[in-house]
Amino acid sequence: MASSADVRDMLDLPGRQAPPSRPPPAKRAKTEGKKFEGMNRELQNLLGDNTPAVTVMENRFKAKPNWKLKATPWVWTPFKNSARKDDLEFSHWVRGTPIEGEYVFAKFNKPVEVPTYTSEEYDKCLADTAWTPRETAYLLDLCKEYDLRWLVIQDRYEYEPEEKEPPSIRTLEDLKERYYFCCRKLMDLRREEGTVEWTARELELYNAMNFDKEKELFRKQYLERLLSRSPAEVAEEERLILEYRKLQESSKKLVQERHDLLRLLESPQTSSSFAQFQTSQGLSQLAANILANDKNRRRKTGPEAATEAAAQQTLQKGAAASHGNSHGNAQHSQAAAAHSHDSKSAQSANSPATATKTSKADLAQSATAKRVAKRVPPGQEHLYGISYHDRLTQGVFLRSSRVSTLKHTVQAKVQSVLAELAISAKLAMPTAKVCERYEALQQQITVLLDAKKQADKLEAEVKVLKAQKGGDESGE
Amino acid sequence: MTNTAPQPMYGGDEISALVIDPGSSWTRVGFAGEDSPKAVVPTFYGKAGDDIYVGDNELHSPRSGMEVLSPMSDGCVTDWDKTVKIWDYALSKRLYTDPKDHPLLVTEPSWNPAKNREKAVEVAFEQLGVPAFYLAREAVCSAFACGKPTALVVDIGSAVASVTPVIDGLVLKKATFHSNFAGDYVNNHLKALFKSKNITLTPHFMIAKKQSVESGQTAQATLKSFDGLADSYLEFERGRILNEFKESTSQVLDMPYSEVVANSRPSRPFEFPDGYNLNFGAERFATTEPLFQPQQFPLPDFTVDNNAQGISELINASVSACDVDARANLVNNVVLIGGSSLLTGCTERTNLEMTQAFPGMKIRIQAPGNSSERKYAGWIGGSILASLGTFHQMWIGKKEYEEVGAAIVEKRCK
């Protein structure tokens, strides 16, 4: 027998309590022993003070009956049902002493409310050439009897006209129309007389009872047509629905692709903070960064390395932010746009932000621009050789080196298109305007190439589907 | 001591009512609240001179000159004196109970004429002396037995096949259709088949001794001899063989009938009471086909008129007679019951026929898997109804009957 104390002893752990004060735990163990029956005493002792990890369920089939308690007798008791008009008595078994009171099921006896009227009221507002007072009363009676279950009412409608009356052949809609007409008219009458206060509920009821027979007939006609489709029609419809789903799916894909493409054409917005560049130290560091960046770029033929591009991206964002700070908010996007060309690959992966298009108008709003604009008439900046720069780099450079390059694969394709247009890849006179136009052209060619790729893809799809359809028809 | 009132949620409140469901071949009798009838007795009586015999034992004993007759026609009770005798026998000899102490619920077909209904009330109060009475529509009860307040009840019994739309527990009378192309009609076809094959039907009670013979060989049986047995009695006894054949061998083809398919199905042997046995192939299917196509499968010396409706036509007629709004719901809640619906393949065939007739709708047939639930659906529904707490306001009390007269049945039992 090893108790927890033994284990403690073996491991040289200090005992929880001094041995003289042991008796109470021993007592507790005993009571616990009583708690978990069906477990070996030895096993239980091993547990010590811990709660057992396994709950031992004793196999008790039934709670022990209490033999000493007297059985509750069941008494055959007569009862009356208040839902009945006569006082017929039935008997049922009740446990214990029967309780006097209303029969429990009587409360379920709920008749439907059908309006009643006097003959004067009928003459005043319910008179109708197609209906006699007697038939109206008959209809309302049936409505009450069958709780407004219209299908049943129509089934049981067997009005026998009096001698002078015309034979009545009533459709379900006729019956409904008449009933709702009567209800509404009577509600109107009561309201005018002022005997009934109209609440929101009554108004709702009044509007709900606006029965349009023509509409109902139309609805039923449509329903009938829907239900009486031939198996071929049903199959055709199912096929069409399936096709529609397919089209929907593909159009969704197309929209998504187009969206991606459009996003590619737009520039991103800055999102990172520029706080770090607000100090002069930060600013000079930024300048150094940009310089290093420039050098890097010049050394490389293109921005192939994706990691490089991503690193640049973050830097550029920072740069753009710093400019924005000094020149006002309008230049944020402009600054970012200046770098958008050479960081295309990074953009598509990096910025889901909706980019704003940059324009001269944006720039014109900046403070310096405003000052210049005062002197120079709008639209004539180029005449005076005024140009706006978002960023000026130090030193001398060749403008042609500033022409943005594209991805290798894309570049090759663009080159071939340019060759088709008889434009040399190396610009003979790279003025600012020429460079700008050249870049725009390059940009458009990329868009064109993308569009062509899409068109080819769709065309191929159409071809395949046509081939499939042809196969189907010939198969049939 | 504790007092527990009946629980409204459970909805039941037993008042120890009796339920009788008279069918064309069997009358089901029992206590409300139970799940199957206590006694099922044949709805036939034997008549020899002035003596009337009812109950299984009396009916099947060969007596000279005893005619076996039915008190029913077209599914409705017509001979009330004999019916009361049968009910009395079932209640006193089988249930050991006195109808004077118990409310009584009796089922009736939906096409029961008003006069007959009044007669039923009269009989219940005057002859049986019940304290309370109710006449419930069999179709409604069958729908309740399947747990549906709204259903299209397709009941294929022995004498009558019927289709009844039930809306919220009320029968649509104008859309109820029934025909005689049911179990007994299949029996007639079987009889014609055996006649064409020169097979004599020797009832069980006549066989004293028999020897087993090879398939198709003449029977070797010693027969008992009886004098003066009436034809109707012999027919009644032969009917048991036909029923036996129908239950064990007959089948409904689960696709539109064609001779080729029927022939391709495996054949099944059947041994007659005298030991004669034979394999039956396509006949197993051909004899049940008149349930669905009465015109194409007429009896040899009998022409079926063009208005005759098989099960599928009955269903079509019934559904088209209902309002458009109700159709989809009904077709989605078809309850298939009745003893003849137990023919193998009947449910599948009905489903197929309905799918073809209503291609645009969703069809769901509920046919209880338990054979007794199928045969006694009407009784079970009646048992449920008569033990509902909310139903107890519907009973026709004796006092009411005395005040208003039998006409109260039209007002109360809708």
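Each remark here, short or long, concerns the structure printed above.
The rules behind each value
Residues numbered from 1 in each chain as written. Chains lettered and ligands numbered in written order. Predicted model: local features only at pLDDT ≥ 70, side-chain atom pairs only at ≥ 80, totals over all residues. Heavy atoms only, no water. Helix = DSSP H or I, 4+ residues; strand = E, 2+ residues; numbered from the N terminus. Buried < 20%, exposed > 50% of the residue type's maximum accessible area, 1.4 Å probe, protein only. Contact = heavy atoms within 4.5 Å. Buried area = accessible area lost by both parts, 1.4 Å probe. Salt bridge = Lys/Arg side-chain N within 4 Å of Asp/Glu carboxyl O. Polar contact = N/O pair within 3.5 Å; in protein donor to acceptor, adjacent residues only side chain to side chain. Nonpolar A, V, L, I, M, F, W, Y, C, P; charged D, E, K, R; others polar. Phe/Tyr/Trp six-rings, centres within 6.5 Å; stacked < 30°, edge-to-face > 60°. Lys NZ or Arg CZ within 6 Å of the ring centre and 35° of its normal. Pairing = 2+ DSSP bridges. Right-handed = clockwise from strand over helix to strand, strands pointing away. Axes fitted to C-alpha atoms, helices over the stretch in contact; angles between N-to-C directions.

Trainee: Can you tell me about the overall build of chain B, naming the residues and giving the values?
Mentor: What chain B contains, in helices and strands, is 15 helices and 21 strands. Expressed as a percentage of its 414 residues, the buried residues of chain B come to 56%. Of the contacts made within chain B by residues no fewer than 6 positions apart, 68% connect residues no fewer than 24 positions apart.

Trainee: Tell me about the environment of Gly 239 of chain B, and please be specific about residues and values.
Mentor: All names here are of chain B. Within the secondary structure layout, Gly 239 lies in helix α6 (residues 231-248). The exposure class of Gly 239 is buried, given its relative accessible area of 14%. Along the sequence, Gly 239 and Pro 203 sit 36 residues apart, while their C-alpha atoms lie 8.7 Å from each other.

Trainee: I'd like a description of the interface of chain A and chain B, backed by residues and values.
Mentor: Contacts between the two partners involve 46 residues from chain A, matched on the other side by 46 residues from chain B. Of the roughly 3,800 Å² buried where chain A meets chain B, counting both sides, 58% is carbon and sulfur surface. A salt bridge links Asp 323 of chain B to Lys 220 of chain A, with the nearest nitrogen and oxygen atoms 3.0 Å apart. Summed over the shared surface of chain A and chain B, the number is 16 residue pairs in polar contact (both at pLDDT 80 or more). The set of elements that each furnish at least two residues to the side of chain A that touches chain B consists of β1 (74-80), β2 (89-95), α6 (150-156), α9 (213-227) and α10 (231-265) of chain A. Looking at side-chain class alone, the side of chain A that touches chain B contains 22 nonpolar, 9 polar and 15 charged residues.

Trainee: Can you explain the packing of aromatic side chains? Please cite residues and give values.
Mentor: Any two aromatic rings considered together are summarised by their centre-to-centre distance and by the angle between their planes. In the structure shown here, the tally under the stated rule is 32 aromatic pairs over all chains. The interplanar angle of 70 degrees and the centroid separation of 6.0 Å between the aromatic rings of Phe 194 of chain B and Phe 280 of chain B together place this pair among those described as edge-to-face. On the criterion of sequence distance, the pair formed by Phe 194 of chain B in helix α5 (residues 183-196) and Phe 280 of chain B in strand β18 (residues 277-280) is long-range, its members being 86 residues apart. Assessed through its relative accessible area of 1%, Phe 194 of chain B is described here as buried. What links up through ring pairs into an aromatic cluster is the set Phe 79, Phe 90, Tyr 103, Phe 105 and Phe 108 of chain A together with Tyr 134, Phe 391 and Trp 395 of chain B. Positioned above the aromatic ring of Tyr 206 of chain A, the side-chain terminus of Arg 184 of chain A is 4.2 Å from the ring centre.

Trainee: With reference to specific residues and values, describe the pairing of strand β10 (residues 132-137) of chain B.
Mentor: Residues and elements named next belong to chain B. For β10, a buried count of 6 out of 6 residues is recorded, marking the element as mostly surrounded by other parts of the structure. Neither face of β10 is exposed, since Ala 132, Tyr 134 and Ala 136 on one face and Phe 133, Leu 135 and Arg 137 on the opposite face are all buried. As judged from the 5 bridges shared by strand β9 (residues 104-108) and β10, these two strands associate in the parallel manner. Bridged to Leu 104 within β10 is Phe 133. Traced from β9 through helix α3 (residues 114-128) to β10, the parallel crossover comes out right-handed. Note: β10 against strand β21 (residues 396-397), 2 bridges, orientation antiparallel. Residue pairing for β21: Ala 132 is matched across the bridge by Gly 397.

Trainee: I'd like a description of the sheet that holds β9 of chain B, backed by residues and values.
Mentor: Residues and elements named next belong to chain B. One open sheet accounts for 6 strands, arranged β3-β2-β1-β9-β10-β21; its pairing is mixed. At either end of the open sheet lies a strand with only one pairing partner, and these are β3 (39-42) and β21. For strand β1 (residues 18-22) and β9, the ladder comprises 3 bridges, and the chain directions are parallel. Bridging from a neighbouring strand, Leu 18 pairs with Leu 104 of β9. Against the sheet, helix α2 (residues 80-94) makes contact with β1, β2 (26-31), β3 and β9, and its axis sits at roughly 145 degrees relative to β3, the strand it touches most. Here α3 sits on the sheet and contacts β9, β10 and β21; the angle it forms with β10, its principal contact strand, is near 150 degrees.

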